[in-house]
Amino acid sequence: MMRWLDRSGFGLLSPSLMLLLGAFLAPLAFLVPVSFRPYVPGRGIGEGFTGEHYVRFFTDLYYLEIFGRTILLGAIVTTMTLLVGYPLAYFLARTKSRWRSWLTILVVFPLLLNLVVRTFGWIALLANRGLINETLSAVGLIEGPLRLMFNFTGLLIGLTHIFLPFMVLLLVSAIQTIDRSVEEAARVLGASWSETFLKVTLPLSTPGILSGSILVFVLTISALVTPRLLGGPTYKVMSTLIYEQFMSLLNWPRGSAMATILTVVAIAIIALSGRFARRFGAQ
Amino acid sequence: MSQGSSGELELRGLRKAYGSFNAVDGVDLRVREGEFVSLLGPSGCGKTTILRMVAGLIEPDSGQILLGGDDITRRAVHRRNVGLVFQSYALFPHLNVFENVAFGLRRRRVEGAELKTRVERFLGLVQLDRHGARYPRELSGGQQQRVALARALVTRPGLLLLDEPLSNLDALLRDEMRLELKRLQEELGTTTVFVTHDQAEALTLSDRIAVLSQGRIEQFDTPENVYGRPSTAFVAGFVGRPNLLEATVTGQSASSLLMRTAGGQDLAAATDARFSQGARVVVALRPERLRLSAKKDPEIANSVPVTVVFRAFSGASVQYVVGVNGGTEVQVEVPASAAIFQRGDALQLEIAAEDVIVLPSNRASP
C-alpha cells in the first residue's frame, strides 16, 4: 500500500484529497439519500423511500422554468464574459505597456470587494430610481423607468460583471503561453492578421476558453447572493429555489433532490468539456 | 500572390535602432539568385534583426529591401512570399504534419488534388512521407526541423530565410541535417539566407559568408577567403580560433613584411598589404598552419624555439599549447599521424610566410 502511494503520486495528493472527501463528497453522500426520503410537514425528513421529489421537479412547469432559466443564464453569462473577456485578455497578454500590471490589478480589483457590496452597487445603478434610469429620463431618452432589476437582464448584468475577472485571468494565461513565433510563422506563410487569429491564435487558446467557460458556467448556475439580491423574492433561479426549500420551507428532501440535480448538471458539463478538449487536441 | 518576386535579394543601407543601441547599422548586401549566403556573427551582432526585417516581422528605421528587383521594404509580411525557418521550428501544435505543410498553400487558395500532391512531394523531399498524420509533439527534434523546412519551401518562396535552424539539435543530428539542408537547397535552387553563430556551419554550407559585428558587415566573401584572408582582426578572431599577436612593422619589401611581436620575436609575412614603418598590426596564426619540429628547417621563413606546455589528443588531431621564450603561449594543431611530443620538450615552432595573416590593429596607431 505504501509503495503504491509512493509510486502513483497519490501520496502527494492526499491532503487535498482528504479535504475534497470531507468538504465535498461527504455532504453529497448525505444529500443523495435524503433526496429519496418523503417529506412530512411539521416533522421534516420522514421514513421510507420515494422518488416523488424528482418526479415532481421534472413535471411541474414552475420548477422546469426555473431550471431552464438557470441553464440559459449560465450559457449567456458564459458567452458574455467570453465575448467581453477575450479582447481584454488578448490585450493584457500582449501589451508591452508598462501599465500592464496595473491594468491586470484593475481587472482583479472587483474580486477584492465584498460580493454583497458589489451587488448593492448594481442595485444603486439598476433600480427604478437608480442612476441609469434617473440619468436616462433626465436626458429625456425614456418616459418611464426601464425594468433592469428583478428580471433576467439584472441577473445577466450583475453575474457577467462578477465572473468576468475569472474568465479574463484564465484567458490571459492561456494566450500568454502561445508561442509568438508560431503566429509569426503563420504570417510569413501568407496568413493575414485575421486568418492568423482564426487559424492559430484562437485554436491555441481553446484550453483557456474551455476552462474559463466551465468555471464561469458552474459558478453562475450555483451563484446565490447576487440572484437573491438582484432577482428579488419572486424572480428565482435554482440556487435561490434550493435555499428557499431548505431555509424557509424546511423541505430538506425536495431541496436535496434539487441540489442533486444541479450537481449532476455541473459534473456532466465538466465531463463533456473534457472530452471536447481532447477531441480538439488542446495540449 | 507575387510569385514573380523570386531570386536576387538586395539590402541597401538597412538600419534599425532600439533606443540608443544600433542593432543594424547601415547594412548593404547583395545575394545572387540561387546563392546560399550566411550571416555569421556573435549574438547581438544584428544578424537575426536583419533576417526579421527581410521577412517583414520588424520594420527597418531606414534603408531598402529589394527582392527580385521589387522594393518590399514596406510590404505586409503575408504578401512577401518568403520562407522562414525558426530556431524553435514554430510548428502549429494543433495541426498535424500534413496540415502544417499545407498551411501556406491553403492561404494561397491551393486546394484538392493539387494541394495533396504538392504537400506529399515536399514531405517526400524531407523523408517524412509516412508522418503526415502525426502531430508535432509526436516527432523528434530532427523530424520537427524537417517539417519546418518543408513548410517553408512548399510554397516555392523566392527567398528562404533560416534563423539558426540547427542550433537546437544534438551534434550528430546537426551534421546530418546540415548536409540534408545543403542538398535540398541545391536541388530547389532557392536563394537562401542563413543566420548562424556557428562558423563551422557557415563555412560548410555557404557560397558566401557575411561576417557581422555590432550591426555592420565586417567582410562579405567566399568561405575560403573569409577563412584564409580575413579583412579585419574581428573576422580573423571569429572564424577559426587563431593565435592573435600584437606586432610592430619593422620593414617591408615588394611582397613581404617584417615585424617584431610584442614578445620580441621577428616574423616575416608574404603579403602585399601596405603598412608604414612602426605601424602596429595584429598577426593571426592559424593553429593548423603552425608546425612543430625537433630541429630547425632552413626552408621555413619563421622559426622560434618553444617548449611544450600542454597536450590534448582529440581524435583526428593533437592540440598543443607551447610557450615561446618571451612567455607568450601559442596554440598549435597537428595531425594525429605526426610525431607525438611530450610536455617539456624543447622544439622549433614554424610557420610559412604565406600563412602569416597581417591585419590592421583595432587600436589607433600612435
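Since the model is a prediction, treat every value here as computed from it, not as a measurement.

Student: What exactly am I supposed to notice about the overall build of chain A here?
Tutor: Summing up its helical and strand segments, chain A has 14 helices and 2 strands in all. Its C-alpha atoms put chain A at 75 × 70 × 35 Å along the principal axes. The buried share of chain A, taken over its 283 residues, is 43%. The long-range share in chain A, meaning contacts at least 24 apart out of those at least 6 apart in sequence, stands at 67%. Summing over all exposed atoms, chain A offers an accessible surface of approximately 15700 Å²; the carbon and sulfur share of this is 72%. One way to put it: in chain A the 22 positive side-chain charges average out to a point 5 Å from where the 12 negative ones average out.

Student: Hey, could you run me through the nonpolar core in this one?
Tutor: Nonpolar side chains in soluble globular proteins tend to be buried together. All names here are of chain B. Formed by 42 residues in total, the largest nonpolar core has its most connected members in Leu-9, Leu-11 and Leu-161. The biggest single contributor to this core is helix H1 (residues 47-55), with 5 residues. Setting aside residues up to four positions removed in sequence, Leu-11 forms contacts with Val-27, Asp-28, Leu-29, Ile-50, Val-54, Gln-64 and Ile-65. Ranked by size, the runner-up nonpolar core spans 35 residues in total, among them Leu-91, Leu-105, Val-119 and Ala-152.

Student: How should I be thinking about the packing of helix H10 (residues 193-204) of chain A against helix H11 (residues 206-222) of chain A in this particular structure?
Tutor: In a pair of packed helices, the angle between the axes and the distance between the axes together describe the arrangement. Residues and elements named next belong to chain A. Packing of H10 against H11 brings their axes to within 5 Å, and their N-to-C directions diverge by 50°. Considering their axes alone, H10 and H11 lie oblique with respect to each other. Across from Leu-202, Pro-203 and Leu-204 in H10, the residues of H11 making contact are Thr-206, Pro-207 and Ile-209. Its residues assigned to classes, the contact of H10 with H11 comprises 5 nonpolar, 1 polar and no charged.

Student: What is the right way to look at the sheet that holds strand E2 (residues 21-31) of chain B in this model?
Tutor: Residues and elements named next belong to chain B. Strand order in this open sheet of 4 strands is E2-E1-E4-E5, and the pairing throughout is antiparallel. Among the strands making up the open sheet, the edge pair consists of E2 and strand E5 (70-71). Looking at chain direction, strand E4 (residues 62-67) and E5 are connected through 2 bridges and run antiparallel. Residue pairing across strands places Leu-67 opposite Asp-70, the latter belonging to E5. Here H1 sits on the sheet in contact with strand E1 (9-18), E2 and E4, set at roughly 115° to E1.

Student: Can you help me understand the side chain of B:Thr49 in this one?
Tutor: Within the fold, B:Thr49 resides in helix H1. Judged by relative accessible area, B:Thr49 falls into the buried class, the value being 13%.

Student: I tried to follow the packing of aromatic side chains on my own but got confused; where do I start?
Tutor: Taken as a whole, this structure holds 17 aromatic pairs over all chains when the rule is applied. Plain terms: the ring middles of A:Tyr90 and A:Phe197 are 6.0 Å apart, the flat faces sit at 80° to each other, and that makes the pair edge-to-face. Taken together, the positions of A:Tyr90 in helix H4 (residues 61-94) and A:Phe197 in helix H10 put the pair 107 residues apart, joining distant regions of the chain. Under the relative-accessibility criterion, A:Phe197 is labelled buried at 18%. Relative to B:Phe103, the ring of B:Phe92 lies with its centre 4.4 Å away and its plane at 40°, an arrangement referred to as tilted. Of this pair, B:Phe92 sits in the loop between strand E6 (82-85) and helix H2 (97-107) while B:Phe103 sits in helix H2, and the two are 11 residues apart along the sequence. As far as burial versus exposure is concerned, B:Phe92 and B:Phe103 are alike and both buried. Feature note: the residues A:Phe57, A:Phe58, A:Tyr62, A:Tyr63 and A:Phe67 constitute an aromatic cluster, connected by ring pairs. B:Arg107 extends its terminal NZ or CZ atom over the ring of B:Phe103, reaching a point 4.6 Å from the ring centre.

Student: Even after reading the chapter, I still don't get the side chain of A:Thr160, so can you show me in this structure?
Tutor: Mapped onto the elements, A:Thr160 comes out in helix H8 (residues 152-176). Residues in contact with A:Thr160, not counting those within four places in the same chain, are A:Val77, A:Met80, A:Thr81 and A:Leu155.

Student: Honestly, the interface of chain B and chain A in this entry has me stumped. Any pointers?
Tutor: Often the size quoted for an interface is simply the accessible area lost on bringing the parts together. The interface of chain B with chain A comprises 22 residues on the first partner and 19 residues on the second. Between chain B and chain A, the buried area comes to about 1800 Å², and carbon and sulfur atoms account for 65% of it. Of all residues in chain B, B:His78, B:His94 and B:Arg107 give up the largest surface area on contact with chain A, accounting jointly for 32% of the area buried on that side. Seen at the junction of chain B and chain A, the total is 3 salt bridges. Linking A:Glu184 and B:Arg52 is a salt bridge whose minimum nitrogen-to-oxygen distance equals 2.6 Å. One can count 6 residue pairs in polar contact (both at pLDDT 80 or more) joining chain B with chain A. Grouping the amino acids of the side of chain B that touches chain A by side-chain chemistry returns 11 nonpolar, 5 polar and 6 charged.

Student: Could you clarify how one ought to interpret a nonpolar patch on the surface in this entry?
Tutor: A grouping of A:Leu13, A:Leu17, A:Met18, A:Leu20, A:Leu21, A:Phe24 and A:Leu25 is seen on the molecular surface, where their side chains present a nonpolar patch of about 650 Å² in accessible area. As for its placement among the helices and strands, A:Leu25 is situated in helix H2 (residues 10-35).

Student: Please explain the domain arrangement of chain B as it appears in this structure.
Tutor: Residue and element names in this part refer to chain B. Here the domain parsing of chain B yields domain 1 (9-236) and domain 2 (241-360). On a C-alpha basis, the centroid separation for the pair domain 1 and domain 2 is 38 Å. Contacts between the two partners involve 9 residues from domain 1 and, on the opposite side, 9 residues from domain 2. When the two sides are added together, the surface that domain 1 and domain 2 hide from each other amounts to roughly 720 Å², 51% of it contributed by carbon and sulfur. In terms of surface lost to domain 2, no three residues of domain 1 exceed Tyr-227, Ala-233 and Ala-236, which account for 64% of the buried area on that side. Taken together, the links from domain 1 to domain 2 amount to 0 salt bridges. Scanning the region where domain 1 abuts domain 2 turns up 2 residue pairs in polar contact (both at pLDDT 80 or more). At the level of elements, helix H7 (223-228) and helix H8 (233-238) are the ones that each hand at least two residues to the side of domain 1 that touches domain 2.

The rules we used
Residues numbered from 1 in each chain as written. Chains lettered and ligands numbered in written order. Predicted model: local features only at pLDDT ≥ 70, side-chain atom pairs only at ≥ 80, totals over all residues. Heavy atoms only, no water. Helix = DSSP H or I, 4+ residues; strand = E, 2+ residues; numbered from the N terminus. Buried < 20%, exposed > 50% of the residue type's maximum accessible area, 1.4 Å probe, protein only. Contact = heavy atoms within 4.5 Å. Areas by Shrake-Rupley, 256 points an atom, 1.4 Å probe, with all protein chains shown as cover. Lys, Arg positive; Asp, Glu negative; His and termini not counted. Charge placed at Lys NZ, Arg CZ, Asp CG, Glu CD. Core = buried A, V, L, I, M, F, W, Y, C linked by side-chain atoms within 4.5 Å. Axes fitted to C-alpha atoms, helices over the stretch in contact; angles between N-to-C directions. Parallel < 35°, antiparallel > 145°, perpendicular 65-115°, else oblique. Nonpolar A, V, L, I, M, F, W, Y, C, P; charged D, E, K, R; others polar. Pairing = 2+ DSSP bridges. Phe/Tyr/Trp six-rings, centres within 6.5 Å; stacked < 30°, edge-to-face > 60°. Lys NZ or Arg CZ within 6 Å of the ring centre and 35° of its normal. Buried area = accessible area lost by both parts, 1.4 Å probe. Salt bridge = Lys/Arg side-chain N within 4 Å of Asp/Glu carboxyl O. Polar contact = N/O pair within 3.5 Å; in protein donor to acceptor, adjacent residues only side chain to side chain. Patch = residues over 30% accessible without salt bridge, like charges linked within 9 Å, V, L, I, M, F, W, Y side chains within 5 Å. Domains from an automatic or database assignment.

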